[in-house]
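Coordinate analysis (summary)
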Amino acid sequence: MSATVEFARMNGLGNKILVVDMRGRPDKVTPAAAFALNADPQTEFDQIMAIHDPKAEGTDAFIDILNSDGSKAQACGNGTRCVVQALAAETGRKVFTFQTVAGILNAVEHEDGTISVDMGRPVFDWDRIPLAEEFHDTSRIELQIGPIDKPVLHSPSAMSMGNPHAIFWVDRDVMSYDLARFGPLLENHPMFPERANITLAQVTSPTSVTTRTWERGAGLTLACGSAACSAAVSAARTGRTGRKVTINVASAKPPATLSIEWRERDDHVIMTGPAEWEWSGRVDPSTGLWSRDGTREAEAQ
């Protein structure tokens, strides 16, 4: 068995993704390899999407997802779009079904190159998000940061979109908040026993929401697909918008949008947006040693 496998550096709205082809192998991308890859500016990433042979009948692959700190992630919408684009280019197919630890994801690449991913049903039960305290209504939970009489952020909507999310509603530019300071505190708040993705969301119209996210296990991120889905669902759930919105991802470079529909007939969340291939190479999934196609460069750290 070769020590290295093929991988691609891709992005979804700037969300830095490494797609690693682990098909035909029994091993996995190790946390040590993830840590090494993230330490290199050329392979720094938000998520690794490792494609494994299917485990469930009727699926095309099992996707193992790692955050940049080496921890496991249950879901990554932007990364899933990257996987679809990579496999569509390889096979010529347009429709795929993937298994993740969060469940089954169906996806399709459209003629215009955009990709839709069925992210499944959102979860609102406090103990399944999960939260450390019982809340009958998780559309607004008791949590704030800042002075008691004048909190900077407060009363988020909490839910799971395969992973835990807290959506803080704000009334000014999401980029004006010091999310780099507040993000780690909120991600690791005792309210979230499995940590949480922290999103600032500003409703700009009945059909549009602007977001910025601190991602669990990755930190400040240019984009987060599951957070965009959570913001859209929470906006509809709290009566701020309808069930179909445009999410303006303020931190994406350049700023970009995702179309999110919380489908009424089955409560599934459909996310549509782009994916972009950057370059490809080979990587040792055990150590993180890598080389770029067409070059001799490799990193040992």
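This text follows the structure it describes.
Read on for an overview of the structure. Treat the numbers as computed from the prediction; the structure is a model and nothing was measured.

Focus: the packing of aromatic side chains
Inspection of every chain in the model, using the stated rule, returns 4 aromatic pairs. When the ring of F96 is compared with that of F98, the centres are 5.9 Å apart and the planes differ by 10°; the resulting orientation is stacked. Of the two residues, F96 and F98, both sit in the buried class. With 6.0 Å between their ring centres and 75° between their planes, F124 and W262 make a pair best called edge-to-face. Note that F124 is positioned in the loop between β8 (115-118) and β9 (144-145) and W262 in strand β17 (residues 256-262), a separation of 138 residues in sequence. By relative accessible area, F124 is classed as partly exposed at 23%. We classify W262 as buried; its relative accessible area is 9%. Members of the aromatic cluster, joined through ring pairs, are F7, W279 and W290. Lying over the aromatic face of Y177, R172 brings its terminal NZ or CZ to 3.9 Å of the ring centre.

Points about the nonpolar core
With 47 residues, the main nonpolar core has I63, V83, F98, I247, I260 and V269 as its most contacted residues. Ranked by the residues each element gives to this core, the list is headed by helix α4 (residues 225-237), at 7 residues. If we skip the residues at most four places from it in the chain, V83 touches V19, M49, I51, I63 and F98. Core analysis: the second largest hydrophobic core is formed by 22 residues, L131, F135, A196 and W214 among them.

Thoughts on helix α3 (residues 179-187)
Taken together, the buried positions of α3 are L179, F182, G183, L186 and E187. For α3, the angular spread of the buried residues around the axis is 125°, confining them to a single face. Residues of α3 that are exposed and angled more than 90 degrees away from the buried face: R181 and L185. Packed against the buried residues of α3 are β9, β10 (153-154), β12 (164-169), β13 (197-205), β14 (208-215) and β15 (219-221).

Remarks on helix α1 (residues 31-39)
The complete set of buried residues in α1 reads A33, A34, A36 and L37. Projected down its long axis, α1 carries its buried residues within an arc of 165°, all on one side. Structural note: α1 exposes P31, A32, F35 and A39 on the side pointing more than 90 degrees away from its buried face. Those residues of α1 that are buried are in contact with β2 (15-21), β3 (47-52), β4 (61-67), β19 (276-283) and β20 (290-292).

Calculation notes
- Residues numbered from 1 in each chain as written.
- Predicted model: local features only at pLDDT ≥ 70, side-chain atom pairs only at ≥ 80, totals over all residues.
- Heavy atoms only, no water.
- Phe/Tyr/Trp six-rings, centres within 6.5 Å; stacked < 30°, edge-to-face > 60°.
- Buried < 20%, exposed > 50% of the residue type's maximum accessible area, 1.4 Å probe, protein only.
- Helix = DSSP H or I, 4+ residues; strand = E, 2+ residues; numbered from the N terminus.
- Lys NZ or Arg CZ within 6 Å of the ring centre and 35° of its normal.
- Core = buried A, V, L, I, M, F, W, Y, C linked by side-chain atoms within 4.5 Å.
- Contact = heavy atoms within 4.5 Å.
- Arc of directions from axis to C-beta.

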